[in-house]
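Chain by chain, the residues run as shown.
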Amino acid sequence: MNEKYNALFTPWKIGNVEIKNRIVQCSMGGTSLFGWMEPNHFDKEAAYFLLNRAQDGVGLILPGMQCIRDPLGIPGRKWLYQNDQMFKQLKEYMVEFHKTGAKLFIQLAAGMGRSMAINGWMTKLAKNNVLNKIASPIVDVQYICASASEVPNRWKEDVMSRPLTVKEIEDMVYAFGQTAKKLRAAGVDGVEIHAVHEGYLLDQFTMANWNHRTDKYGGSFENRTKFALAVVRAIRAGAPDICIDYKLPIISENPQIGRGGLFIDEAVRLALLLEEAGVDTFHVGQANHTGNLNDTIPAMGTRPYCFMEEASRRVKEAVSVPVSTVGRIVSPTDAERLVESGACDYV
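Residues numbered from 1 in each chain as written. Predicted model: local features only at pLDDT ≥ 70, side-chain atom pairs only at ≥ 80, totals over all residues. Heavy atoms only, no water.

For the protein, the helix and strand inventory stands at twelve helices and 13 strands. Here the protein, with 347 residues, has 56% of them falling under the buried criterion. Of the contacts made within the protein by residues no fewer than 6 positions apart, 70% connect residues no fewer than 24 positions apart. Per element, the accessible surface of the protein, about 14900 Å² overall, is 54% carbon and sulfur. (Helix = DSSP H or I, 4+ residues; strand = E, 2+ residues; numbered from the N terminus. Buried < 20%, exposed > 50% of the residue type's maximum accessible area, 1.4 Å probe, protein only. Contact = heavy atoms within 4.5 Å. Areas by Shrake-Rupley, 256 points an atom, 1.4 Å probe, with all protein chains shown as cover.)

In structure tokens:
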């Protein structure tokens, strides 16, 4: 093997989890272990695909994102933690998975909020309280699209998201803790909290331009970040030794970018609070779908590491845990430059 690739095959550590090499398969659509937009279940096809990747030598694998509550589901069993059979199957699977020497982190999300893409029949339910109530045992569109405040849907602006109630927020926090507890008992090594890139629900609470609440979850920076911090604390309490990765949303200090994300100074403040709450590593990302999509998924031809060098460096300088970053890092030379310059610990 060419010596210039030696670093790729050296072990590294996040929290108390040692990973055998630097090859990571990140979350992508179609690879959720628990189903997506369908009743939660152990998805054997996705599990087989991920096991094959582990057998091929990948060091760390993150299945596709999973909401802690199913958008569609079986009445009385919509929260992930309520499906004991699924966790039993997961535990059996993890025995085989760990034989490869790979590690598994499950990516969890609170929900999509105003970024939920809705079609025609969902629009009808979102706009009609009676129809939505009738359908709600199976699919509650108004809940699926609920956000921090009454704000327009990202993809269909004539549909308004309703604000989540305090109880609904507290139920979600509890669900994160219970889900983490069962994931760890099943042998899962870590969780990644999805709070960046797509402008999902946790993002919407932290952003002053989407969070207009007047209760304890709105207004000041401290209040807008309470939801995210409560989620981390619940996970840490439910699974004290599980590794916690947090996808941190940032936009650069450019007013032309407009409507999405935390500006750098606020993001650094939040990172420090999250580290204190129990986060083991940060995955720093740029913008999200609530603002400028071009800043979320850089186009071909965009300069290498086009967005994140300043933002990730600011976070790395502030926290004592590892920081990774993204954004058109297309060659080993780009990655080495970012790490050597102190912009991040890994990419």
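From this point, things continue past the structure.
This part is about empty space enclosed by the protein. The tally for this structure, following the rule as stated, stands at two cavities of 30 Å³ or more. One number sums up the size of the largest cavity: a volume of about 110 Å³. Arg69, Ala110, Gly111, Tyr143 and Ile144 are, among the 13 residues lining the largest cavity, the residues nearest its centre. Its residues placed into classes, the lining of the largest cavity shows nine nonpolar, two polar and two charged. In this structure, the second largest cavity spans a volume of roughly 30 Å³. (1 Å grid on protein atoms, 1.4 Å probe; cavity = no way out; pocket = protein on both sides within 12 Å on 5 of 7 lines; lining within 4 Å. Points joined across faces, edges and corners; volume = space filled by probe spheres on them. Nonpolar A, V, L, I, M, F, W, Y, C, P; charged D, E, K, R; others polar.)

Once that is clear, we can look at the environment of Arg314. Within the fold, Arg314 resides in helix H11 (residues 309-318). By relative accessible area, which is 28% here, Arg314 ends up partly exposed. Taking the C-alpha atoms as reference points, Arg314 and Ile264, 50 residues apart in sequence, are found 7.7 Å from one another. The contacts of Arg314, once residues within four sequence positions are left out, are Ile264, Asp265 and Val268. Side chain to side chain, Arg314 and Asp265 meet in a polar contact 2.5 Å long. (Polar contact = N/O pair within 3.5 Å; in protein donor to acceptor, adjacent residues only side chain to side chain.)

Turning next to the confidence of the model for the protein. Across the protein, the average pLDDT comes to 86, with 84% of residues at or above 70. Across residues 252-260, where pLDDT falls below 50, the model places 25 contacts with residues more than four positions away in sequence or in other chains. (pLDDT = per-residue confidence, 0-100.)

Moving on, we come to the packing of helix H2 (residues 84-98) against helix H6 (residues 166-185). The contact between H2 and H6 brings their axes to 9 Å, and the two run at 35 degrees. Residues Asp84, Phe87, Leu90 and Lys91 of H2 pack against Thr179, Lys182, Leu183 and Ala185 of H6. For the contact of H2 with H6, the per-class residue count stands at four nonpolar, one polar and three charged. (Axes fitted to C-alpha atoms, helices over the stretch in contact; angles between N-to-C directions.)

Time to look at H6. Its 20 residues place the ends of H6 29 Å apart at the C-alpha level, agreeing with the 28 Å of an ideal helix rising 1.5 Å per residue. Along H6, the residues classified as buried are Glu168, Ile169, Met172, Val173, Ala175, Phe176, Gly177, Thr179, Ala180 and Leu183. Against H2, strand S6 (103-109), helix H5 (141-144), strand S9 (190-193), helix H7 (201-206) and helix H9 (226-238) lie the buried residues of H6. Gly187 sits one or two residues past H6 and shows a positive phi near 105 degrees. (Expected span 1.5 Å × (residues − 1).)

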